[in-house]
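Residue-level listing of the chains:
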Number of protein chains: 4
Amino acid sequence: MNPSTEINFEKFFQKLDSKLDQLWTKILSSSPLAKTVLSGEVTKELYGIYMLETYHYTSHNARNQALVGIRNDIESLPYIKFCLEHAAEEVGHERMALHDIRSIGFEGLDGALPRPLMETEALIAYLYWISFTGNPLQRLGYSYWAESCYKYINPLIQSIQKTLQLEPSQLTFFIAHSDIDADHFEHVKTIIQRSCKSEADLDAIEYVLTTSLKLTARMLDAVYEEYQEVQLGRGRRYDFLCKKA
Amino acid sequence: MNPSTEINFEKFFQKLDSKLDQLWTKILSSSPLAKTVLSGEVTKELYGIYMLETYHYTSHNARNQALVGIRNDIESLPYIKFCLEHAAEEVGHERMALHDIRSIGFEGLDGALPRPLMETEALIAYLYWISFTGNPLQRLGYSYWAESCYKYINPLIQSIQKTLQLEPSQLTFFIAHSDIDADHFEHVKTIIQRSCKSEADLDAIEYVLTTSLKLTARMLDAVYEEYQEVQLGRGRRYDFLCKKA
Amino acid sequence: MNPSTEINFEKFFQKLDSKLDQLWTKILSSSPLAKTVLSGEVTKELYGIYMLETYHYTSHNARNQALVGIRNDIESLPYIKFCLEHAAEEVGHERMALHDIRSIGFEGLDGALPRPLMETEALIAYLYWISFTGNPLQRLGYSYWAESCYKYINPLIQSIQKTLQLEPSQLTFFIAHSDIDADHFEHVKTIIQRSCKSEADLDAIEYVLTTSLKLTARMLDAVYEEYQEVQLGRGRRYDFLCKKA
Amino acid sequence: MNPSTEINFEKFFQKLDSKLDQLWTKILSSSPLAKTVLSGEVTKELYGIYMLETYHYTSHNARNQALVGIRNDIESLPYIKFCLEHAAEEVGHERMALHDIRSIGFEGLDGALPRPLMETEALIAYLYWISFTGNPLQRLGYSYWAESCYKYINPLIQSIQKTLQLEPSQLTFFIAHSDIDADHFEHVKTIIQRSCKSEADLDAIEYVLTTSLKLTARMLDAVYEEYQEVQLGRGRRYDFLCKKA
């Protein structure tokens, strides 16, 4: 990019939004997990497995976000501040996921939790990877979709709530997040506008938006496969989870 | 495990070998990349893309191996020594991959290389992840299959050599590795016997053997998909690679 | 400590305060830098050298504070949150030090700054060290004295201001900090009360309070020694600094 | 440096050697520890305290050396290999220090060792610091003096051996090191010649040679001060050490 050319951020955000529309449309229409939920066939076991994997990757989000903030190759002070403040806000959110699992009757979560699924670990590992290496701004691609996903996943949440007849107090993870994320999404856009200086920055953000959402979709597929194993009595990983109170 | 029970390592290695037989059989019979190679239909482009991704993940192996050696939660001095020595031996091996790509006529590799495929980065990220966290011995599961893979991949190498009519001097990456890896494999087995003290250690090794090989298989699939894009004229990532000298 | 014994934090804070009284009394009475300042003999050169070293260690404070927050051996969520929030607040404070140096006529600071003095690097290195290893709470010992030091250093600041005839706008580093640090000091005491569970925690905090203040005192001594070299025309490190606008 | 100017390494090594002569002469003539040893007045307690601090910093040498090898800003493959190989060789050397302490009758070393002295931690912290940041070649300044120190410290070792009437088997730390370090010193010089490309590289090496030796000298002084506390019955840190078998 010619340094004298100003970046058109409105156009960039439209490009990201259009990319997200395309990726989410594919996920919602082809993921077995999403189709099961939307057709009103979700079970507590499926939801419980999903929330446990959600617990796992969420429990690393503050840490990998803060990891960006301690890199020594960032010149933008507002971006460093954003990373550390955003990380501080994410601390402990994973506990809401555990609370919600317990609230539907799965009480056997007190000891060591089962290791995350390979696909969940691959997502976690990738978020650390794009945080400690590469373009320091690229993790904003993950934040961009994570803070704006409710537009796409609200039908899933509503369907879960209706099928499993859950009170709002049993859905704290999703409800608390959707309340605060509207604000967060504006922060993400503001910091992108303030910190990005080149097409390479924009490309890195768009790339990580795509890859981190694709790896999340793979996690959803793996949750469903594991659920099928549990249904067939072959899933040993979540035995303890399936003991109801 | 009762601490007085001795671990039966012969049985453990048989279990790993049997797991590997099963995983490799599935890869060789169902991976489009493997099937294309074994049926004598490999092209320089397909091989070149594969070797470029191989370059990428190999260029991190010394580093993530050494990362295990600097952890402060390892009590076994021989294992720390093994990690650092093994890392030292891996330094620079990725350069053989670049040499081999150039030797078949793709010369356009001098500038910045294209970013690895998402699946390659997921593998790289995972190898860092299992190196800096979790059971410190678990990376031995990756070494176990990586140092013994020639039994399974030699037919692929031979087929590539025959189809593309390559000299041994154009296959330095594979030939150099298969020569030294027989020794390495014995080192891996020795250090497992010396350092593992519990079933949890064995389980962690077996788990990472499985996951890291599965993520490698996904990289192979992604290489093939990207190759198909290139065939259809849609793959922009490797444009420069496909300019022959 | 018997786990049923409650920790008496009031007594602990009194112990820390008494330790600080003792350490600061020694510093203020025996440090050549402090004595020079208090006797009204500070020069712009001495103050400039001091502020440059202050710039250096301050520029790492957000980073080493955040490093505590990404450790995976902390159970107290409020402490993790404290570390990240506190780190976020520290971002960029070092720029005030540079501003203050420029404001007294030293303009030659635009290029690469000189490497910190060995004693400054030793302090910086130590703050990273106690952040990434040992008792995760121990860095609070540094925060305890750093957030409460104005009681002791105000006479120094006033003497500098009077001797060099500085406006408040030329002392932004000290004035901005003393305004916000009263609040910070209460946060530090609150998080100590909330997170410490054992005598080992208290001991680690007291130990790092002592060591980090002693290493800071060594930095002050080194600043004065370097100033003497400059006076004798032998200090090559700060040549560029001593070119006035 | 003009890139076309070849670096004169012989001259550089002479400069380092002359710097070392000067630094060691000062240490040997003014350090209370060295003077006590050379005048035949060393005691088992003084030697024991010294060896315990030696144990502490030595136990980090493999790790901080390997840390250089995993940086991603090094272009010289031989240097990466050197770092990892050298680190592998250092693994476990600290155990010889413990062996030697036990061999003179101090048996109370089985539980948790006392925390290192502040000056020892400052040295350890500094070695990590110069390993993970700054010029990646600078740690060679530490290796340069550490691998060539026997020329200067042999009189100390001989005096300790004579005064305390020790067998060679009670001085394994020093004897094993002096045997292997002659070779190591040649490796250090070779890798400097192979990897340094600019005056900035040479300056960084010379700087760290000086600072790391000065911080070691401060550790020696702190050992002697702590010994005096023990003599006066005030040193609580090493109580357990002073219980003879």
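Residues numbered from 1 in each chain as written. Chains lettered and ligands numbered in written order. Predicted model: local features only at pLDDT ≥ 70, side-chain atom pairs only at ≥ 80, totals over all residues. Heavy atoms only, no water.

(A) Broad picture of the overall build of chain A. Helix and strand counts for chain A stand at eleven helices and zero strands. Taken from N to C terminus, the helices and strands of chain A fall in the order α-α-α-α-α-α-α-α-α-α-α. By the compact-globule yardstick of 18 Å for 245 residues, chain A fits well, its C-alpha radius of gyration being 19 Å. For chain A, the C-alpha atoms occupy an extent of roughly 60 × 35 × 30 Å along the three principal directions. Per-residue burial for chain A yields a buried fraction of 60% across its 245 residues. (Helix = DSSP H or I, 4+ residues; strand = E, 2+ residues; numbered from the N terminus. Rg over C-alpha atoms; globule rule 2.2 N^0.38 Å. Buried < 20%, exposed > 50% of the residue type's maximum accessible area, 1.4 Å probe, protein only.)

(B) Molecular detail of the interface of chain B and chain D. Listed per partner, the contact involves 18 residues of chain B and 18 residues of chain D. Interface area, chain B with chain D, both sides summed: about 1,500 Å², of which 73% is carbon and sulfur. On inspection of chain B and its partner chain D, the count reaches zero salt bridges. The interface formed by chain B and chain D holds four residue pairs in polar contact (both at pLDDT 80 or more) in total. Secondary-structure elements contributing two or more residues to the side of chain B that touches chain D are α4 (61–69) and α5 (77–90) of chain B. Residues of the side of chain B that touches chain D, tallied by class, amount to nine nonpolar, two polar and seven charged. (Contact = heavy atoms within 4.5 Å. Buried area = accessible area lost by both parts, 1.4 Å probe. Salt bridge = Lys/Arg side-chain N within 4 Å of Asp/Glu carboxyl O. Polar contact = N/O pair within 3.5 Å; in protein donor to acceptor, adjacent residues only side chain to side chain. Nonpolar A, V, L, I, M, F, W, Y, C, P; charged D, E, K, R; others polar.)

(C) Local environment of the pattern of salt bridges. Inspection of every chain in the model, using the stated rule, returns 20 salt bridges over all chains. Note that Glu229(A) is salt-bridged to Arg234(A), the shortest N-O span being 3.0 Å. On the basis of relative accessible area, Glu229(A) is assigned to the partly exposed category, the value being 27%. Linking Arg115(C) and Glu121(C) is a salt bridge whose minimum nitrogen-to-oxygen distance equals 2.7 Å.

(D) Representation of the relation of the copies chain B and chain D within the structure. For the pair chain B and chain D, the relating rotation is 180 degrees, the translation along its axis is 0.0 Å, and the fit reaches an RMSD of 0.0 Å. The superposition of one copy onto the other is thereby described by a two-fold rotation axis. Comparing contact sets, 100% of the residues at the interface of chain B also lie at the interface in chain D, consistent with an isologous, same-surface contact. (Least-squares fit on C-alpha atoms with pLDDT ≥ 70 in both.)

(E) Layout of helix α3 (residues 44–58) of chain D. The end-to-end C-alpha distance of α3(D), which contains 15 residues, comes to 20 Å, matching closely the 21 Å that a straight helix rising 1.5 Å per residue would cover. With 13 of its 15 residues buried, α3(D) lies for the most part within the structure. (Expected span 1.5 Å × (residues − 1).)

(F) Just the packing of aromatic side chains, in detail. Evaluation of the coordinates by the stated rule reveals 58 aromatic pairs over all chains. Centre to centre, the rings of Tyr50(D) and Phe174(D) are 6.4 Å apart; their planes meet at 5 degrees, and the pair counts as stacked. With Tyr50(D) in helix α3 and Phe174(D) in helix α10 (residues 172–195), the pair connects residues that are 124 residues apart, well separated along the chain. Taken individually, Tyr50(D) and Phe174(D) each receive the classification buried, so the pair is uniform in this respect. Connected via pairs of aromatic rings, a cluster forms that spans Tyr128(A), Trp129(A), Phe132(A), Tyr128(B), Trp129(B) and Phe132(B). One cation-aromatic arrangement involves Lys189(B) over Phe13(B); the distance from NZ or CZ to the ring centre is 5.5 Å. (Phe/Tyr/Trp six-rings, centres within 6.5 Å; stacked < 30°, edge-to-face > 60°. Lys NZ or Arg CZ within 6 Å of the ring centre and 35° of its normal.)

(G) Local environment of the side chain of Glu90(D). By the element assignment, Glu90(D) lies in helix α5 (residues 77–90). Despite its burial, Glu90(D) pairs with no opposite charge; the closest candidate is Arg139(D), at 6.8 Å N-O. (Lys, Arg positive; Asp, Glu negative; His and termini not counted.)

(H) Summary view of helix α11 (residues 199–231) of chain B. The end-to-end C-alpha distance of α11(B), which contains 33 residues, comes to 48 Å, matching closely the 48 Å that a straight helix rising 1.5 Å per residue would cover. One or two steps after α11(B), the chain reaches Gly233(B), where phi turns positive at roughly 75 degrees.

(I) Broad picture of the interface of chain B and chain A. Counting residues at the interface gives 23 residues for chain B, matched by 22 residues for chain A. Regarding the contact of chain B and chain A, the summed buried area is about 1,900 Å², with carbon and sulfur atoms giving 66% of it. Taken as a group, Met118(B), Trp129(B) and Tyr207(B) account for 35% of the area that chain B buries against chain A, more than any other trio of residues on that side. Counting across the interface, chain B meets chain A through two salt bridges. Between Glu119(A) and Arg218(B) there is a salt bridge whose closest N-O contact spans 2.8 Å.

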